[in-house]
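A closer look at the structure
Given next are the chains, with one letter for each unit.
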Amino acid sequence: MIKLLKIEFKKILTYKIFWILIGLYFVFLTAGLLMAEFMINNMVDNINQRLPIPLPHVTIYFFPAVWQNIAFFATLRYVLIFPAIVIIILITNEFTFKTIRQNVINGLGKAEFITSKLLLILVISIVMTIFVTLGTLLLGISNTADLTLDMVFEKISFVPGFFITVVTFQVYALFFGFILRNTGLSIALFTLYVFIVEPIVYYFLKSPIVFENNISPYLPVNSVLRITEYPSIQVLKNIMGLNLQSSVSPVDCLIAMGYAGVMIGIVYWVLARKDL
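None of these values were measured; they are calculated from a predicted model. As a convention, each chain's residues are numbered from 1 in the sequence order in which they are written. Residue-level local features of this predicted model are given only where pLDDT is at least 70; pairs of side-chain atoms are given and counted only at 80 or more, and the full residue set underlies all totals for whole chains, interfaces and linings. Computation of side-chain values covers all heavy atoms of the structure but excludes hydrogens and water.

Turning next to the overall build of the protein. Only DSSP runs of H or I covering at least 4 residues are called helices, and only runs of E covering at least 2 are called strands; the numbering of each starts at the N terminus. The helix and strand inventory of the protein stands at 12 helices and 0 strands. Shown N-terminal to C-terminal, the secondary structure of the protein runs as helices and strands in the order α-α-α-α-α-α-α-α-α-α-α-α. In this setup the radius of gyration rests on C-alpha atoms only. A globule is expected at 2.2 Å times the number of residues raised to 0.38. Rg of the C-alpha trace for the protein: 21 Å, near the compact-globule value of 19 Å for 276 residues, within the 12% margin. Each of the three principal axes of the protein carries a C-alpha extent, and together these read 70 × 50 × 30 Å. A 1.4 Å probe rolled over the protein chains alone gives each residue an accessible area, and that area as a share of the maximum for its type sets the label: buried under 20%, exposed over 50%, partly exposed in between. Going through the 276 residues of the protein one by one, you find that 48% of them count as buried. In this description, contact between two residues means that some pair of their heavy atoms is separated by no more than 4.5 Å. Taking the intrachain contacts of the protein between residues at least 6 apart in sequence as the baseline, contacts between residues at least 24 apart amount to 78%. When the accessible surface of the protein is totalled, it reaches about 14500 Å², and 71% of it is carbon and sulfur. Of the side chains in the protein, 18 bear a positive and 13 a negative charge, and the two mean positions are spaced by 16 Å. Here, Shrake-Rupley sampling with a 1.4 Å probe gives the accessible areas, and only protein chains in the shown set may cover a residue. All tallies of charge rest on Lys and Arg as positive and Asp and Glu as negative; His and the ends of each chain are not included. Charge coordinates come from a single atom per side chain, which is NZ of Lys, CZ of Arg, CG of Asp or CD of Glu.

This is the structure:
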């Protein structure tokens, strides 16, 4: 395991694009999380201009709700796409520059090669989770009055929920990169599927013209986003009638991990039978 990680770190150590994209991810993530409350309340102000009874401003940085709120905003499609694109570039570059063939010639098995990429995904996800966890703690501690340990740990299940979300989403990206083997095509089709194709399918399956079903929530990307489906903002329940989650559902996590497992299995199967 350590040997495989050393190989991966050696590849990315001097790879500027990797560090630039990862750096941008953390910059945009930090800015987005710090500005989330301001942007929500700005939207509330705009809505209040058309309402006879104004909606109250919301606060999202207090314990225990901060765990859920930060996990939600940190796992939006627009945020997750950054590390996913990094994974696609790293995978497809192996085929573009024939480094995968050279690794196999040097004695690295195909299964070990895939395992090394999965280990890299785990390391990236652990770093992201630590970053979000520390940031959430700082925001919660500085914005919560009469803080107790029970309040801090009440919704901490959203931390492993966040970790599972980022891992599975990156595995989806790995799948596209391995199957298509072309950087531009992989990024284009993955982005198209995440932002356009699946949302269209999602709402089509919920439309009256389709037989009554409950398929939409279990589409691949949506199954990942369901892990942290809503923020803990009471106005969403009071005004919009949304059934806000109080914790991370193990079933939602298992469904997302199931999809990821199937994709990893397909990648192993395809790579074992295809020429490099």
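What follows continues from the structure just given.
Before going further, it helps to examine a nonpolar patch on the surface. Two joining distances apply to patches: 9 Å for like charges and 5 Å for nonpolar side chains (Val, Leu, Ile, Met, Phe, Trp, Tyr), and every residue must have over 30% relative accessible area and no salt bridge. Each reported salt bridge corresponds to a side-chain nitrogen of Lys or Arg within 4 Å of a carboxyl oxygen of Asp or Glu. Taken together, the side chains of L185, L189, L192, I196, V197, I200 and V201 present a nonpolar region at the surface, about 540 Å² in accessible area. As for its position among the elements, V201 is in helix α9 (residues 183-206). A relative accessible area of 33% means that V201 is categorised as partly exposed.

With that settled, the discussion passes to empty space enclosed by the protein. In this analysis, the protein atoms alone were mapped onto a 1 Å grid. Cavities are point sets where a 1.4 Å probe fits without being able to get out; pockets are open sets with protein on both sides within 12 Å along at least five of seven lines; lining residues have an atom within 4 Å of a point. Grid points are joined across faces, edges and corners, and a volume is the space filled by probe spheres set on the points. Scanning all chains against the criterion turns up 1 cavity of 30 Å³ or more. In this structure, the largest cavity occupies an estimated 50 Å³ of space. Lining of the largest cavity is provided by W67, A71, T129, V132, T133, T136, F158, V159 and F162. If you list the elements that add at least two residues to the lining of the largest cavity, you get α3 (65-74), α6 (110-143) and α8 (158-180). Here the element with the most residues in the lining of the largest cavity is α6; it accounts for 4 residues.

Everything listed here is a matter of geometry and, on its own, says nothing about what the molecule does.
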